[in-house]
Amino acid sequence: MKFKLLLDLFDEKSNDFLSGEEISNRLSISRAAVWKQINQLRELGYEFEAVSRKGYRLLYKPDQYEHKDLMQNINTAVFGSRLHLLESTSSTQIEAIKLAEEGAEAGTLVISDMQTNGRGRLGRNWFSPAGKGIWMSLVLRPELPVRFMPQLTLLTGVAVCSAIRKVTGVEAGLKWPNDILVNGRKVCGILLEAATEDNKVRYCIAGIGIDVNLSELDYPEDLRSIATSLKIESGTSVSRSRLIGEVMNQLEARYLQYENEGFAPILKEWEALSASIGKQVRSVTLNQVIEGTAIGLSDSGGLMVLTEEGKNSTIFSGEVEIIQ
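Residues numbered from 1 in each chain as written. Predicted model: local features only at pLDDT ≥ 70, side-chain atom pairs only at ≥ 80, totals over all residues. Heavy atoms only, no water.

Under an unreviewed UniProt entry, the name given to the protein chain is Bifunctional ligase/repressor BirA, and the organism recorded is Paenibacillus gallinarum. Heading Sequence similarities (unreviewed entry) of the UniProt record for the protein chain holds this comment: "Belongs to the biotin--protein ligase family." (UniProt positions renumbered as here; feature names shortened; annotations may be inferred.)

> Looking at this model, I keep getting lost on the nonpolar core. Mind explaining?
Grouped together as the largest cluster of nonpolar side chains are 61 residues, with contacts concentrated most on Ile180, Ile210 and Leu243. With 11 residues, helix 6 (residues 149-168) is the largest single contributor of residues to this core. Domain assignment of the residues forming this core places at least three in each of domain 2 (67-272) and domain 3 (280-322). (Core = buried A, V, L, I, M, F, W, Y, C linked by side-chain atoms within 4.5 Å. Buried < 20%, exposed > 50% of the residue type's maximum accessible area, 1.4 Å probe, protein only. Helix = DSSP H or I, 4+ residues; strand = E, 2+ residues; numbered from the N terminus. Domains from an automatic or database assignment.)

> Please clarify how the pattern of salt bridges should be interpreted in this entry.
Any two side chains of opposite charge can pair if their charged atoms end up close together. Overall, the coordinates contain 21 salt bridges when judged by the stated rule. Of the charged contacts, one joins Asp8 and Lys4 as a salt bridge, the two residues approaching to 2.9 Å between their closest N and O atoms. Of the two residues, Asp8 and Lys4 are both situated in helix 1 (residues 4-13); the distance of four residues between them amounts to about one turn of the helix. Judged by its relative accessible area of 48%, Lys4 is partly exposed. Several salt bridges converge on common partners, so that one network encompasses Glu12, Glu22 and Arg26. (Salt bridge = Lys/Arg side-chain N within 4 Å of Asp/Glu carboxyl O.)

> Even after reading the chapter, I still don't get the packing of helix 6 against helix 8 (residues 240-261), so can you show me in this structure?
Two packed helices can be described by the angle between their axes and the distance between those axes. Interaxial distance between helix 6 and helix 8 falls to 8 Å at its minimum, and their mutual angle equals 140°. Relative to helix 8, the element helix 6 is oriented oblique. With respect to the hand of their crossing, helix 6 and helix 8 are arranged in right-handed fashion. Each of Gln151, Leu152, Leu155, Thr156, Val158, Ala159, Val160, Ser162, Ala163, Ile164, Lys166 and Val167 in helix 6 lies in contact with helix 8, whose residues at this interface are Arg242, Leu243, Glu246, Val247, Gln250, Leu251, Arg254, Tyr255 and Tyr258. In terms of residue class, the contact of helix 6 with helix 8 is made up of 13 nonpolar, four polar and four charged. (Axes fitted to C-alpha atoms, helices over the stretch in contact; angles between N-to-C directions. Parallel < 35°, antiparallel > 145°, perpendicular 65-115°, else oblique. Left-handed = near helix turned anticlockwise from the far one by under 90°. Contact = heavy atoms within 4.5 Å. Nonpolar A, V, L, I, M, F, W, Y, C, P; charged D, E, K, R; others polar.)

> Explain the side chain of Thr228 here, please?
Here Thr228 shows up in the loop between strand 11 (200-211) and helix 7 (230-234). Accessibility expressed as a relative area gives 0% for Thr228, which makes it buried. Engagement of the side chain of Thr228 in a polar contact is seen with the side chain of Arg185, the distance being 3.5 Å. For Thr228, the residues in contact, after removing those within four places along its chain, are Val182, Arg185, Lys186, Val187, Asp211, Tyr219 and Glu233. (Polar contact = N/O pair within 3.5 Å; in protein donor to acceptor, adjacent residues only side chain to side chain.)

> I would appreciate a short explanation of the packing of aromatic side chains in the present structure.
To describe a pair of aromatic rings, you give the distance between the ring centres and the angle between the ring planes. Per the counting criterion, the structure on display carries three aromatic pairs. Residues Phe127 and Tyr219 carry aromatic rings whose centres are separated by 6.2 Å and whose planes lie at 40° to one another, so their mutual orientation is tilted. Taken together, the residues span a long stretch of sequence, with Phe127 in the loop between strand 6 (125-126) and strand 7 (133-140) and Tyr219 in the loop between strand 11 and helix 7 at a distance of 92 residues. Taking relative accessible area as the criterion, Phe127 reaches 28% and is therefore assigned partly exposed. According to the relative accessible area criterion, Tyr219 is buried, its value standing at 2%. The ring of Tyr60 has Lys231 sitting right over it, with the charged end atom 4.3 Å from the ring centre. One cation-aromatic arrangement involves Arg240 over Tyr65; the distance from NZ or CZ to the ring centre is 4.1 Å. (Phe/Tyr/Trp six-rings, centres within 6.5 Å; stacked < 30°, edge-to-face > 60°. Lys NZ or Arg CZ within 6 Å of the ring centre and 35° of its normal.)

> Honestly, unusual backbone geometry in this entry has me stumped. Any pointers?
Excluding glycine, residues mostly have negative phi values, and the peptide bonds linking residues are mostly trans. Geometrically, the link from Trp176 to Pro177 is a cis peptide bond, its omega value of 0° lying close to zero. Along the chain, the position of Pro177 falls in the loop between strand 8 (173-175) and strand 9 (179-182).

> Which parts of the structure should I look at to understand the pairing of strand 12 (residues 280-284)?
Where strand 12 and strand 13 (residues 289-297) come together, five bridges link them in antiparallel fashion. Each bridged residue has a counterpart across the sheet, and for Val281 the counterpart in strand 13 is Gly292. Two successive antiparallel strands, strand 12 and strand 13, enclose a turn made up of four residues. Sheet topology places strand 12 next to strand 16 (residues 320-322); three bridges connect them, and they run antiparallel. The partner of Ser283 across the bridge, within strand 16, is Val320. (Pairing = 2+ DSSP bridges.)

> Please clarify how the sheet that holds strand 12 should be interpreted in this entry.
An order of 15-14-13-12-16 is seen for the five strands of this open sheet, with the pairing classed as antiparallel. The open sheet has two free edges, formed respectively by strand 15 (312-315) and strand 16, since each of these has just one partner strand. Shown here is a sheet whose adjacent strand axes are inclined to one another by a mean of 45°, direction ignored.

> Looking at this model, I keep getting lost on helix 3 (residues 31-43). Mind explaining?
In an α-helix, one full turn covers 3.6 residues, which means residues spaced three or four apart are oriented alike. Look at helix 3: 19 Å from first C-alpha to last across 13 residues, which is about the 18 Å you get at 1.5 Å a residue. All of the buried residues along helix 3 are Val34, Gln37, Ile38 and Leu41. Down the axis of helix 3, the buried set is contained in an arc of 100°. They therefore lie on one face. Exposed and oriented more than 90 degrees from the buried face of helix 3 are Ala32, Trp35, Lys36 and Glu43. Buried residues belonging to helix 3 abut helix 1, helix 2 (20-27), strand 1 (47-51) and strand 2 (55-60). Count one or two residues on from helix 3 and you reach Gly45, which has phi positive near 105°. (Expected span 1.5 Å × (residues − 1). Arc of directions from axis to C-beta.)

Have a look at this one:
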């Protein structure tokens, strides 16, 4: 790594400050080059405190992805058994789609340390800085009619939410259809995209973005009130490799359960983990506005809402806002 000598100096000093002059002298580089390397490390997820006349102090360094560490945490037969580790990509979804079109087997997992154009639901961008989050996409090849795809989204949510709770102890909850919340703020988004033929799924890409070790200041100002991270909520850094492993373990277990027992047990678990049920919600589409109390999931995975007029309505697509 090009920054190894600089990082070794900070490791020597532990939590102490290193002056720009000392770094410059010991590495035989200019003060401008020191400043440039510090900023490049910041872009890779490292955090520094800079104080006039004291210099720099390393506050946080991201855990680096290592193939061996990931495989030690992934205890599955298929999911995550084939890894593609990237330092940077425009979108892990795009990379996984390319691999699926080339014949990649089910369980192929694409992980990137950062995304330059991460994809969220409904064409939105997903903020994906280096070193602090989990940005990954999994190739699935379910033998399912297209109409069952929403159930796979909910299944993925159950698995990821369960993994977050197990690894961090954070009380994460599910917001229909594809978000995971902590204390009302979004910590994870899930995006399933399918290639279909004759109303059947050829392959499906499960995109998962988890804000793991971001601090408040890492977020753009417009996201700070609506997004959070596991580090913010738990008060401690979380191993990304350990969490990825647990997500794969939980996801494969739910997938096998779904194949053997159908959607019913997934439905019950989703309702138990829900941050939506019992809350006032609103869904706005081109054709209608549905507002009322979320009361559960339908057998197909739609969100059932009891309106103020006492009517039962089911939301099958679109955005759902939790009002209170």
